[in-house]
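Next come the chains, spelled out residue by residue.
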Amino acid sequence: MSSASATPDAGWRVAGLIDTRSSPQARHAYIPTRAVRLEPGYWRSYMDLNHATILPSLLQKLADAGRIDNFRIAAGQLDGEMRGRDARDSDVHKWLEGACHVLQTHPDSPLATSVQEIADLIAAAQDADGYVNTAFVGDRKALRHTNLRHGHELYVAGHFFMAAVAHHRATGSTQLLDVAARQADYLCKTFRPKGVNSTSGHPGVEMALVELYRATGNARYLDLVRFLIDRRGSAFPEADLRQRQSLVDAQPLREMKELTGTHAVRSLYLLSGATDLYLENGDESLRRAVETLWADTVATKLYVTGGLGARYEHESFGEAYELPNLRAYAETCAAIAHVFWNQRLFAMDPRSRYMDGLEWSLYNGAMPGVSLDGMTYFYSNPLEVHEHGAEELPSRSGVDREPFFQTTCCPTNMVRLLASLPGYCYGYDAQGIYVHLYAAGALDWHLPDGAPVTLVQRTDYPWSGKVEIEVRLEQPARFSLFLRIPSWSRSPRVSVGGESLAQVQSGAYYAVTREWQAGDVLSLDLDVAPRFLEADPRLRENAGCYALVSGPLVYCLEGVDNPGASNLDVQWDANSAAALRLEREDGLLNGVNVVRGPGLIAASRREPGPLYAPAGAGWSTPLQQTTLTAIPYYARANRGRTWMKVWTPHARG
Ligand code: FUB
Ligand code: ZN
């Protein structure tokens, strides 16, 4: 945004989640987590749950699994066997990153003690040459960089760099930033044409190195990112094609036109890093690549839930329109990676389509990843579940939540995402302030000339589409407030002081530019009335089906709310669209809007019958009328084993 250079200590308090203030190609910057106070509402309840339950319980689980002791052993403070797979340290780093985000809004949190203890341990475990990774020290030191396909070394380093930057931005301390810089310097010396001339099987380090550059000003980190990206397409020639696709190495990134076969999390992390690099170096070929891949992905490979990665095999994207419901992989981490990528794309090109995608994947792709009590998690997120069929599915099938995983990437990703949520809500440019996400609370920020401004947001979003923003100023000031008008909203309305404003369009930011007076109130009215979506006919599995949405939330049917029906015989009445009712249920699932509407159950199909019949003879099954109740998809699987369905056929009763 400007030409000022980033240096440690400079501006750590005002750096956003990604700090694009000095990025030459960035047209937008984000407002840091600490400037946003969320008040009771949807996101605040998750922030509190994360702080009070998820972070402490997950730290205990990490400790029980030996993840913290691994650092003690590496630091020579404890004798014993290290435990866990090669990527294990990344779980600690992601926890640490999340806890540091919390410290921005809650500097007095008891988590501060654990943060400091872990920061000290990581610093103590750093090797003399700068390397930090408990899986490759001692007698495993010789194995460093010998298994770049699967060893996760750079992936782990990337998560450490993100934690170190978050620690710096939370506390102002450079303790971990210095440790990270030493490790990054080591990587710069190691990964080069005449050194380790390869890249990482699991990307992630790219966006982290760019953020480390933004925090330290060391441009060598950008050179390393470019090197790691440029090696893609020829780093793993010994692997077969499917493996190279999975490693995002089947083609150079700039030549890729789609993500079929690529590992979802790997490719979305890589694209986040490539977008970051473009923001810094303006390489137009990178911009073309990320735009091409974004367009193809959202047009052909994105679940209606904002989930990504259709296949269990290699945890990868499928072909265009290959989006199975029962067997969806849709890893929680992939939806979170989509959030990361869209945030970076928006900084490159501030179009609401990126923030719409971010919001959709956040509510519907990521949030199902944690239970309402914050104790169990989903790795994969199918769009349909059989009542009795779970055992035949692959492990981590998204049927029953689990408290922990050996590779526990998704829970620790949830932690850092939830902790950083306020940092997604607002951004700014030279014209004014952007409201990206609607959530009750207050923003304490400043105008381009430095004058303080507070925005007080009052809303019950996503349960209601009404948002009020009160502007508090010391002096009247002229600037723009940009409101995201989501593409799903019909007939959106904006007014200031009761006066309606013209030409409010969905799928764009609406700029309200005026001389603002203290106490001015801006009102936004979005229509969250429930409605059905249909899929592109090429998505054959969903032919004749509806998905139900209300505002930014995708809904699903669960057996527990719809006794007498099953996922195989339940249908919406084709006439039900006009009869859908949005009803508040404060006592259900921590308080949700349910949707009720007329449905049908093909009752006589319960017994196995002939599997096939002559064409045209039809399956003239008597249909029993019923009222169906749908709940938000993110809240599914919180009441024991039950069938679930997002895409539901519709029929004439
Ligand atoms: O390999 C580390 C993580 O484990 C990946 O990001 C996820 O897809 C899971 O496989
Ligand atoms: Zn994961």
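Keep in mind the model is a prediction, meaning the values are calculated, not measured.

A.B. asks: Mind laying out the sheet that holds strand β13 (residues 521-525), listing which residues take part and the relevant values?
C.D. replies: Pairing is antiparallel across the open sheet formed by 7 strands, whose spatial order is β2-β6-β7-β8-β13-β10-β11. Strand pairing shows two members of the sheet lacking a second neighbour, β2 (36-38) and β11 (499-500), which therefore form its edges.

A.B. asks: I'd like a rundown of the pairing of strand β16 (residues 553-558), residues and numbers included.
C.D. replies: Within β16, 6 of the 6 residues are buried, leaving the element largely enclosed by the surrounding structure. Along β16, one buried face is formed by Leu553, Tyr555 and Leu557 and the opposite face, lined by Val554, Cys556 and Glu558, is buried too. As paired elements, strand β15 (residues 545-550) and β16 share 2 bridges and run antiparallel to each other. Along β16, the bridge assignment pairs Val549 with Val554. Taking the residues between adjacent antiparallel strands as the criterion, β15 and β16 are bridged by 2 residues, where Gly551 takes a positive phi near 55°. Bridge analysis of β16 against strand β21 (residues 644-645) gives 2 bridges, and the strand direction is antiparallel. For Leu557, the partnering residue across the bridge sits in β21 and is Lys645.

A.B. asks: Outline the domain arrangement of the chain, listing residues and values.
C.D. replies: Domain assignment breaks the chain into domain 1 (3-378 + 396-424), domain 2 (426-525) and domain 3 (531-608 + 618-651). For domain 1 and domain 2, the distance between their C-alpha centres works out to 31 Å. The interface is formed by 28 residues belonging to domain 1 together with 26 residues belonging to domain 2. Between domain 1 and domain 2, the buried area comes to about 2200 Å², and carbon and sulfur atoms account for 60% of it.

A.B. asks: Lay out the packing of aromatic side chains in plain terms, naming residues and giving numbers.
C.D. replies: Working definition: an aromatic ring pair is given by the centre-to-centre distance plus the angle between the planes. Taken as a whole and assessed by the stated rule, the structure comprises 25 aromatic pairs. Taking 5.4 Å as the distance between ring centres and 50° as the angle between the ring planes, the aromatic pair formed by Phe346 and Tyr509 counts as tilted. On the criterion of sequence distance, the pair formed by Phe346 in helix α12 (residues 332-348) and Tyr509 in strand β12 (residues 508-516) is long-range, its members being 163 residues apart. Across the pair, Tyr509 and Phe346 agree in class, each one buried. Pairwise contacts between aromatic rings join Tyr42, Trp43, Tyr46, Tyr363, Tyr438, Tyr461, Trp463 and Tyr634 into one cluster. Directly above the aromatic system of Phe136 lies the positively charged group of Arg140, at a separation of 4.9 Å from the ring centroid. Over the ring of Trp516 we find Arg514; its NZ or CZ atom is 5.3 Å from the centre of that ring.

A.B. asks: Quick one: what's the story with the state of the cysteines, residue by residue and with numbers?
C.D. replies: Tallied over the full model, the rule gives 0 disulfides. With no disulfide of its own, Cys545 has Cys556 as its nearest cysteine by sulfur position, at a separation of 14 Å.

A.B. asks: Could you give an account of the site of ligand 1, naming the residues involved and the relevant values?
C.D. replies: Around ligand 1, a shell composed of His152, Tyr155, His202, His263, Val265, Glu315, Glu331, Tyr379, Thr407 and Cys409 is seen. A distance of 2.7 Å separates an oxygen atom of ligand 1 from a polar atom in the side chain of His202. Glu315 is positioned with one of its side-chain polar atoms (N or O) 2.6 Å from an oxygen atom of ligand 1. Coverage of ligand 1 by the protein amounts to 92% of the 280 Å² it exposes when considered alone. In terms of residue class, the shell around ligand 1 is made up of 4 nonpolar, 4 polar and 2 charged.

A.B. asks: I'd love a proper account of the coordination of the zinc ion (ligand 2), names of residues and values included.
C.D. replies: At 2.0 to 2.4 Å from the zinc ion (ligand 2) lie its protein donor atoms, namely Glu331 (OE), Cys333 (SG), Cys409 (SG) and Cys410 (SG). Within one chain, the residues donating to the zinc ion (ligand 2) are spaced in sequence as E-x1-C-x75-C-C. With Glu331 in the loop between α11 (284-300) and α12 and Cys410 in helix α14 (residues 409-419), this pair connects stretches of sequence that are 79 residues apart. Of the two residues examined, Glu331 and Cys410, each falls in the buried class.

A.B. asks: Explain the side chain of Asp283 residue by residue, including any values.
C.D. replies: Along the chain, Asp283 falls in the loop between α10 (264-281) and α11. Within polar-contact distance, the side chain of Asp283 engages the side chain of Ser285 at 2.5 Å.

A.B. asks: Mind laying out the packing of helix α8 (residues 220-230) against α10, listing which residues take part and the relevant values?
C.D. replies: Interaxial distance between α8 and α10 falls to 11 Å at its minimum, and their mutual angle equals 130°. Taken together, the axis directions place α8 and α10 in an arrangement best described as oblique. Between α8 and α10 the crossing geometry is left-handed. Each of Leu222, Val225, Arg226 and Ile229 in α8 lies in contact with α10, whose residues at this interface are Leu270, Gly273, Ala274, Leu277, Glu280 and Asn281. Partitioning the contact of α8 with α10 into residue classes produces 6 nonpolar, 2 polar and 2 charged.

A.B. asks: Requested: an account of the environment of Tyr438, with residues and values cited.
C.D. replies: You can see Tyr438 is positioned in the loop between β5 (432-435) and β6 (441-446). Overall, Tyr438 belongs to the buried group, its relative accessible area being 0%. Separated by 21 residues in sequence, Tyr438 and Thr459 place their C-alpha atoms 7.4 Å apart. Among residues more than four places away in sequence, those in contact with Tyr438 are Trp43, Tyr363, Gln457, Thr459, Tyr461, Val467, Leu483, Arg484, Leu524 and Leu526. Polar side-chain contacts of Tyr438 include one of 2.7 Å to the backbone oxygen of Arg484.

A.B. asks: Can you lay out helix α5 (residues 153-171) for me, pointing to particular residues and giving the numbers?
C.D. replies: Its 19 residues give α5 an end-to-end C-alpha distance of 27 Å, which sits within 8% of 27 Å, the value for a rise of 1.5 Å per residue. Where burial is concerned, most of α5 is hidden: 18 out of the 19 residues are buried. At the C-terminal side of α5, Gly172 shows a positive phi close to 85°.

A.B. asks: Break down the pairing of strand β8 (residues 466-473) for me, with residues and values.
C.D. replies: Pairing analysis gives 7 bridges linking strand β7 (residues 452-459) to β8, with the strands arranged antiparallel. Looking across to β8, one finds that Leu455 is bridged to Val471. Adjacent in sequence and paired antiparallel, β7 and β8 are bridged by 6 residues. Summarising the sheet, β8 and β13 pair through 5 bridges and their orientation is antiparallel. Opposite Ile469, over in β13, you have Leu522 as the bridge partner.

A.B. asks: Could you give an account of the packing of helix α2 (residues 67-74) against helix α4 (residues 111-124), with specific residues and numbers?
C.D. replies: At a minimum axis separation of 8 Å, α2 and α4 run at an interaxial angle of 40°. Between α2 and α4, the crossing angle belongs to the class labelled oblique. As for the relative orientation of α2 and α4, their crossing is left-handed in sense. Note on element contacts: α4 touches α2 through Glu117, Ile118, Leu121 and Ile122, opposite Ile68, Phe71 and Arg72.

A.B. asks: How would you sum up the sheet that holds β12? Please name residues and give values.
C.D. replies: Spatially, the 5 strands line up as an open sheet ordered β1-β4-β5-β9-β12, and their pairing is mixed. If you trace the sheet from one side to the other, it starts and ends with β1 (29-30) and β12, each paired once. The sheet contact formed by β5 and strand β9 (residues 477-485) spans 4 bridges and is parallel. Within the sheet, the bridge partner assigned to Tyr434 lies in β9 and is Phe482. Across the sheet, helix α13 (residues 352-366) touches β1, β9 and β12, and the angle it forms with β9 is around 55°.

Conventions used here
- Just so you know, the residues in each chain are numbered from 1, in the order the chain's sequence is written.
- Labels are handed out in written order, letters beginning with A for the chains and numbers beginning with 1 for the ligands.
- Since the coordinates come from a predicted model, pLDDT governs what is reported: local features require at least 70, and pairs of side-chain atoms require 80 or more to be given and counted, while whole-chain, interface and lining totals use all residues.
- With hydrogens and water set aside, each side-chain value is computed from the structure's full complement of heavy atoms.
- In this analysis, strands are considered paired if DSSP registers two or more bridges between them.
- Runs of E in the DSSP output that reach at least two residues are strands. Runs of H or I that reach at least four are helices, and both are numbered from the N terminus.
- Exposure is judged per residue with a 1.4 Å probe applied to protein chains only, and the accessible area is read against the type maximum: over 50% gives exposed, under 20% gives buried, and values in between give partly exposed.
- The domain limits used here are those given by an automatic or database domain assignment.
- Working rule for contacts: check all heavy atoms of both residues, and any pair within 4.5 Å makes them a contact.
- Buried area adds together the accessible area that both of two parts lose upon being put together, with accessible area traced by a 1.4 Å probe.
- Each Phe, Tyr or Trp ring, with Trp reduced to its six-membered ring, pairs with another whose centre is within 6.5 Å; inter-plane angles below 30 degrees give stacked pairs, above 60 give edge-to-face pairs, and intermediate values give tilted ones.
- Charge-over-ring contacts are defined here by two conditions on Lys NZ or Arg CZ: a distance within 6 Å of the ring centre and an angle within 35 degrees of the ring normal.
- In plain terms, two cysteine sulfur atoms within 2.5 Å form what is called a disulfide here.
- Whether a residue is near a molecule or strand depends on its heavy atoms: it is near if one of them lies within 4 Å of it.
- Polar contacts, as used here, are pairs of N or O atoms within 3.5 Å; protein pairs need one atom able to donate a hydrogen and one able to accept it. Residues neighboring in sequence count only if both atoms are side-chain atoms.
- Note on areas: these come from Shrake-Rupley sampling with a 1.4 Å probe, and a residue is covered only by the protein chains present in the view.
- Classes in brief: Ala, Val, Leu, Ile, Met, Phe, Trp, Tyr, Cys and Pro nonpolar; Asp, Glu, Lys and Arg charged; the others, Gly included, polar.
- Coordinating donors are taken to be N, O and S atoms lying within 2.8 Å of the metal, or within 3.2 Å when the metal is Na, K or Ca; because water is excluded from the atom set, some sites may appear incomplete.
- Lines fitted to the C-alpha atoms define the axes, with helices restricted to the stretch that makes contact. Angles between their N-to-C directions range from 0 to 180 degrees.
- Roughly parallel here means an angle under 35 degrees, roughly antiparallel means over 145, roughly perpendicular means 65 to 115, and every remaining angle is called oblique.
- Each crossing gets its hand from how the near helix is turned against the far one by less than a right angle, where anticlockwise is left-handed and clockwise is right-handed.
- One less than the number of residues in a helix, times 1.5 Å, gives the span that helix is expected to have.

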